[in-house]
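Residue-level structure breakdown
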Amino acid sequence: MIRRAALRVLRIAVAAALVVAAAPVSLVAAVGTGLAWFGGWPPARLYRAALCCLPMLAVWLAATAVATRSAAQVAAAPYLAWLATWHRAAAGDWAGAAAVIAPAAIPAGLAVGGLAWAYRIRSLRTGSGGLGPDSAVAFDRRQWRHQARSARARIAAPGAVPLTVRGGGVVVGAVIRAVGHPHRQIASIPYARMRSHQVVVGSTGTGKTTLLLRLWAGFMATALRRHADGQGRAPLLVVLDCKGGADARKIADRARRVLRLAGARSTAIWPDEAALSLWALPPGQLTTTLVDLIEHGTGGAAYYADVLEAVVELAVAAPGGPPASTADFLARLDPGWLATAYSSGGHDAELGLLRSAARQAGDIALRYRTLFRRLGDGLDGRGGFGDADAWYCILEGTAEVGVAEAQARALVDLLASFAVREGGREILLAVDEFSAVSRRLPVWALYERARSLRLAVQVSAQSWAGLAADENERYRIASSADGGIWLLRTPHPEPVAALAGRSPSTDTTRRLVGIPVWSHRGSSRLRPAPVADPELIRGLDVGQAAYLYRGGVTYVQVKRLVAAPAALPAPVSPRPAAGTAAAAAARTAAAAAPLAARTAAEVPSGPDRPWPGLPDVSALLDEAFGAEPAP
Amino acid sequence: MLFAAEMYGVQLDHLAAVLGVGEARARAIAAKWRARGHAETARLGPGAPWTWLTRAGLTACGLPYAAAPPALGRLAHIRAVVAVRLALESAPSYAAGGGYWRSERRLRTRLGGRIGLREHIPDGEVHWPDDAPVPWAGECWAIEAELTPKTAGRTTAIMRELLTRTGDYGAPAAEARAPGPPRHVRVIYLCTPAARPTVARARKALGEAGTRIEIRHLPPGAAMPAPVKATR
């Protein structure tokens, strides 16, 4: 026992002597390790810093070689510098001492600091280090706080987080921590993953909308640049906001401004400002969609569903072409109309079908009349998805679930049809608050044929349970997300976190003799540990997200995109009287000059003209509408 | 007939002003149009009878509008816009500048049912030729007649929409708000005394951009005559 204690003291004494002897290196290593601890850096960052200092060492050695012209002197340079440092320090020349040893001590110190920091992390991670039994847990929590603070500082720096990076990556924010992924300062995902299916899960108020806006803007900016370079097709972003209400309108406005900054020329807000045409669907698809819009049961109700489908088929496929509007379709759901339409000969089968279904036609017309009244006129316009760069579709999923489900179904069918027929766009379909429409929108069915349609699907929900109606469908959606899964704070992250898989982790046991003395006896074993820690995800702050991809997880501090209110463009330049060269020159000059910079001579204005910059039209308005009374 | 077609319909006193004749002569002319099947006349509301074009009249004018009598709910508004157009066209500077009135009906027809259906359409546009001998040559103005006060927020939103629009009505949606000079250099608001304070507040809320908005009172003759109360 006494011998063991003596050996421990001796070991500490030797280590202390080494630290003192190599004081410059020790000092740099201590500073480097301290910074890494404070900033939550990985050891690799210190190694990289050491590598960056190597040119300084090379220049110093080269200068020594040139000055001494002796290989032995070059080899002995670090030792001589070390001696000179102590001499200068003894003489009180601290600055000189630091300057002499810096080229050798800084890279060496950073490398030693990196090794020491890596040893510290490893020993705590495996449970073999630390003074107390809970040191590892406390260390990890502290490091998380430091890493999150550093990430927040990085995204706060102006210009530090661009929207996209060279090579087409979409930047999301700053990396807090990476497990199984390379650790980088800036979190970005390649554009190809934006062209794959993604899932976003996060509770209300955790920054989900901020993340989605960032992803949409990144997709738009990258796709537009690729299209301009001839590397891809023009993008089309279609957002189905299945929550609805005033909040959806605010987000739509924000999305429009953000997308405008990203390069989108037009964002259509459906159904508030824009309408689509359901009747543009091909007849076969139109029949399927119209039948699916109506909710019909199974069992005995299946008979009614068949009759409904037969009548709709008769109305859509009537001679003379499919219906062009809701009114046209409703008018056709009348036995008299259908009989007349099919009376031209050669339609005996259809007429027979009509005779069988004639009694139910009135009920079917009633159901469709009610449905279309509730759906509004958003699907009865003449617009198409090709008319805008982005569509923000607001579905009132909170207030009217049935209507939202029908609208979602119709919009997705329209989009699929657009993708098949026109096929010239790279489409991202984002379904926000998917739970509101998941009952009747089989999005996984779209997943399976989306690749051929050049259509990527991004589904977001507030929780795992909100992702789909049943567990099979949830797993189907989540496991098809080959573009990655974004997980924000949610009370039950386990099912999604488990999709990141497990990795081998060392678990060490040791015997506590008495705090802080540990016995050297113990054992280590490898055990699979979850890559994405559910506890960590449960405690994520607002704006923090975990990105799960290929068995790794990157924790990200999302950078919020801020877009100013729609800027009013500057008015056109005032035009002097035409017909003279001077007038033409003045017009050119006026067009080039900013409004505020124009001189009074350029702008014909009256003595009490209140608004400089535009020609005064008071005279004309006075002539037409009478003079304004004096204020 | 073109005037009546562009404005949805006109009342007899305005028709007389357009034709530059007395009301009796205007009534006779309207009756002639009606006899030919080009127009319909009826007393739709208080004041003089209205005249509007039938399908045959619109076809004769070469206009692709849907034939319908002026909507009863919009009679007062239509009358006010007609009065504004007449007042403007009677100004010597308007004639000198060669101004051209593009009616709401024309704009709405250009828009059709495409996306942007719910965007605000002004009550008219005035286009000035590039080579007009007036300082505002080449400009396009939006004209708005305000009879009843909306909320200031809604009015501000309409003003902002008009001032930021860059593309023509009926153009692809992508061009409606594309980078470039605004379509409407200025917006002229003609208001009733009741609506004017709200419009002024909305203009003030726009800040510097509000300098492109002119507010005037509606001209005389814009108001619909009050309905005559039945006497026992």
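Keep in mind that this is a model prediction, so the values were computed, not measured. (Residues numbered from 1 in each chain as written. Chains lettered and ligands numbered in written order. Predicted model: local features only at pLDDT ≥ 70, side-chain atom pairs only at ≥ 80, totals over all residues.)

1. Side note on the overall build of chain B
To keep it simple, the criterion reads: Here a strand is any run of E in DSSP of at least two residues, a helix any run of H or I of at least four, and the numbering for each starts at the N terminus. Any residue whose C-beta has 12 or fewer other C-beta atoms within 10 Å is treated as exposed, any with 20 or more as buried, and any in between as partly exposed, C-beta atoms being built from the backbone.
Helix and strand counts for chain B come out as 10 helices and 8 strands. Here chain B holds 232 residues, and the buried ones make up 42% of them.

2. Thoughts on helix α9 (residues 245–262) of chain A
Residues and elements named next belong to chain A. This is how it is decided: Here, expected helix span is obtained from the residue count minus one, scaled by 1.5 Å. Throughout, a pair of residues is in contact if the C-beta atoms placed from their backbones lie within 7 Å.
Between its first and last C-alpha, α9 extends 26 Å over 18 residues, near the 26 Å set by a 1.5 Å rise per residue. Those residues of α9 lying buried are Ala248, Ile251, Ala252, Ala255, Arg256, Arg257, Val258, Leu259, Arg260 and Ala262. In this fold, the buried residues of α9 make contact with α8 (208–228), β5 (234–241), β6 (267–270) and β7 (390–394). Two residues or fewer past α9, glycine 263 is found with a positive phi of approximately 115°.

3. Regarding the sheet that holds strand β2 (residues 39–42) of chain B
Sheet strands associate in pairs through backbone hydrogen bonding, adopting either a parallel or an antiparallel arrangement. Residue and element names in this part refer to chain B. Operational definition: The criterion for strand pairing is that DSSP finds at least two bridges linking the strands in question. Orientation is described by lines fitted to C-alpha atoms, with helices fitted over the stretch in contact, and by angles between N-to-C directions that extend from 0 to 180 degrees.
Here we have 3 strands laid out as an open sheet, ordered β1-β3-β2, and antiparallel in their pairing. Single-partner strands in this sheet number two, and they are β1 (10–11) and β2. Helix α3 (residues 23–36) contacts β2 and β3 (50–53) of the sheet and is inclined by roughly 125° relative to β2.

4. Considering the pairing of strand β2 (residues 169–179) of chain A
All names here are of chain A. Counting buried residues in β2 gives 9 out of 11 residues, a clear majority hidden from the surface. Pairing geometry for strand β1 (residues 164–165) and β2, over 2 bridges, is antiparallel. Paired with valine 165 across the strands is glycine 169, a residue of β2. In this structure, the hairpin formed by β1 and β2 is closed by a connection of 3 residues, where glycine 167 is found at a positive phi of approximately 95°. Hairpin connection of β2 to strand β3 (residues 186–189): 6 residues between the antiparallel strands, including glycine 180 at a positive phi of 80°. In this structure, β2 lies alongside strand β14 (residues 552–558), joined through 6 bridges in antiparallel fashion. Paired with valine 175 across the bridge in β14 is valine 556.

5. A few points about the environment of B:Pro64
All names here are of chain B. Structurally, proline 64 can be placed in the loop between α4 (55–61) and α5 (75–90). Residue classification places proline 64 among the exposed residues on the basis of 10 C-beta atoms within 10 Å. As for proline 64 and arginine 106, which are separated by 42 residues in sequence, their C-alpha atoms are 9.0 Å apart.

6. What about the nonpolar core?
We count it as follows: Definition of nonpolar core: a set of buried Ala, Val, Leu, Ile, Met, Phe, Trp, Tyr and Cys residues joined via C-beta atoms within 7 Å. Boundaries between domains were set according to an automatic or database domain assignment.
In terms of nonpolar packing, the biggest core is built from 133 residues, with A:Trp216, A:Met220, A:Val238, A:Leu415 and A:Leu487 touching the most fellow members. When residues in this core are grouped by element, the largest group, 11 residues, is from helix α15 (residues 401–421) of chain A. Split by domain, this core shows at least three residues from each of two domains, domain 2 (164–276 + 383–505 + 526–558) and domain 3 (279–375) of chain A. Residues contacting A:Trp216, with those up to four places away along its chain left out, are A:Leu237, A:Ala255, A:Leu259 and A:Ala430. If you look at the next biggest cluster of nonpolar residues, it comprises 58 residues, including B:Ala4, B:Ala16, B:Trp50 and B:Leu88.

7. Concerning helix α2 (residues 12–19) of chain B
Residues and elements named next belong to chain B. Residues of α2 that are buried: His14, Leu15, Ala16 and Ala17. Close packing links the buried residues of α2 with α1 (2–6), β1, α3, β3 and α5. Following α2 by one or two positions, glycine 20 has its phi on the positive side, about 70°.

8. Remarks on the packing of helix α10 (residues 283–293) of chain A against α15(A)
Pairs of packed helices are described in terms of their axes, by the angle between the two and the distance that separates them. Residues and elements named next belong to chain A. Keep this limit in mind: Orientation categories follow fixed angle ranges, with anything under 35 degrees roughly parallel, anything over 145 roughly antiparallel, 65 to 115 roughly perpendicular, and all other angles oblique. In a left-handed crossing the near helix is turned counterclockwise from the far helix by less than a right angle, and in a right-handed crossing that turn is clockwise. Residues were grouped as follows: Ala, Val, Leu, Ile, Met, Phe, Trp, Tyr, Cys and Pro as nonpolar; Asp, Glu, Lys and Arg as charged; and all remaining residues, including Gly, as polar.
At a closest axis distance of 9 Å, the pairing of α10 and α15 adopts a crossing angle of 165°. Between α10 and α15, the crossing angle belongs to the class labelled roughly antiparallel. Judged by the sense of rotation from one axis to the other, the crossing of α10 with α15 is right-handed. Here Gln285, Thr289, Asp292 and Leu293 of α10 come into contact with α15, specifically with Ala406, Arg409, Ala410, Asp413 and Ser417. Of the residues in the contact of α10 with α15, the class split is 3 nonpolar, 3 polar and 3 charged.

9. Focus: the environment of B:Pro135
When you line up the elements, B:Pro135 lands in the loop between β5 (124–127) and β6 (140–146). A sequence separation of 38 residues divides B:Pro135 from B:Gly97, and the C-alpha atoms of the two residues are 9.1 Å apart.

10. Some details on the environment of A:Leu351
All names here are of chain A. Within the secondary structure, leucine 351 is located in helix α14 (residues 348–375). Leucine 351 gets classed as partly exposed once you count the C-beta atoms within 10 Å, which come to 13. Spatially, the C-alpha atom of leucine 351 lies 9.3 Å from that of leucine 314, the residues being 37 residues apart in sequence. Non-local contacts of leucine 351, meaning those with residues more than four positions away in its chain, are made with Ala339 and Tyr342.

11. With respect to unusual backbone geometry
Residue A:Pro271 is bonded to the preceding A:Trp270 through a cis peptide linkage, with omega at 0°. Within the secondary structure, A:Pro271 sits in the loop between β6 and α10. Its identity as a non-glycine residue notwithstanding, A:Arg69 has a phi of 50°, on the positive side. Mapped onto the fold, A:Arg69 is located in the loop between α3 (43–68) and α4 (71–90). Look at B:Tyr8: it is not a glycine, yet its phi comes out positive at around 75°. Of note, B:Tyr8 is situated in the loop between α1 and β1.

12. Notes on the confidence of the model for chain A
Caution applies to low-pLDDT regions: their predicted coordinates should not be interpreted in detail. Heads up, the condition is: In predicted models, pLDDT denotes the confidence assigned by the predictor to each residue on a 0 to 100 scale.
Residues at a pLDDT of 70 or more form 90% of chain A, whose mean pLDDT is 84. The secondary structure element of chain A with the lowest average pLDDT is helix α20 (residues 581–592) of chain A, at 38, and the one with the highest is strand β13 (residues 544–549) of chain A, at 96.

13. What to know about the packing of α2(B) against α3(B)
Residue and element names in this part refer to chain B. Axis separation between α2 and α3 bottoms out at 8 Å; the angle between their running directions is 95°. With respect to α3, the axis of α2 lies roughly perpendicular. Residue-level contacts link Leu12, Asp13, Leu15, Ala16 and Leu19 of α2 to Glu23, Ala26, Arg27, Ile29 and Ala30 of α3. Taken together, the residues of the contact of α2 with α3 sort by class into 7 nonpolar, no polar and 3 charged.

14. Quick notes on the confidence of the model for chain B
In this model, chain B carries an average pLDDT of 86, and 90% of its residues clear a pLDDT of 70 or more. Reported confidences for the modelled complex are a pTM of 0.67 and an ipTM of 0.89.

15. Observations regarding the sheet that holds strand β4 (residues 100–103) of chain B
Residue and element names in this part refer to chain B. The strand order β4-β5-β6-β7-β8 describes an open sheet built from 5 strands, whose pairing is mixed. Looking along the sheet, the strands with just one partner apiece sit at the ends: β4 and β8 (213–217). The average undirected angle you get between the axes of adjacent strands in this sheet is 25°. Pairing analysis gives 6 bridges linking β6 to strand β7 (residues 186–191), with the strands arranged parallel. Bridged to tryptophan 141 within β7 is arginine 186. Packing of α5 onto the sheet brings it into contact with β4, β5, β6 and β7, and relative to β6 it is tilted by some 135°. Taken strand by strand, helix α10 (residues 196–205) contacts β6, β7 and β8, and its axis lies near 170° from that of β8.

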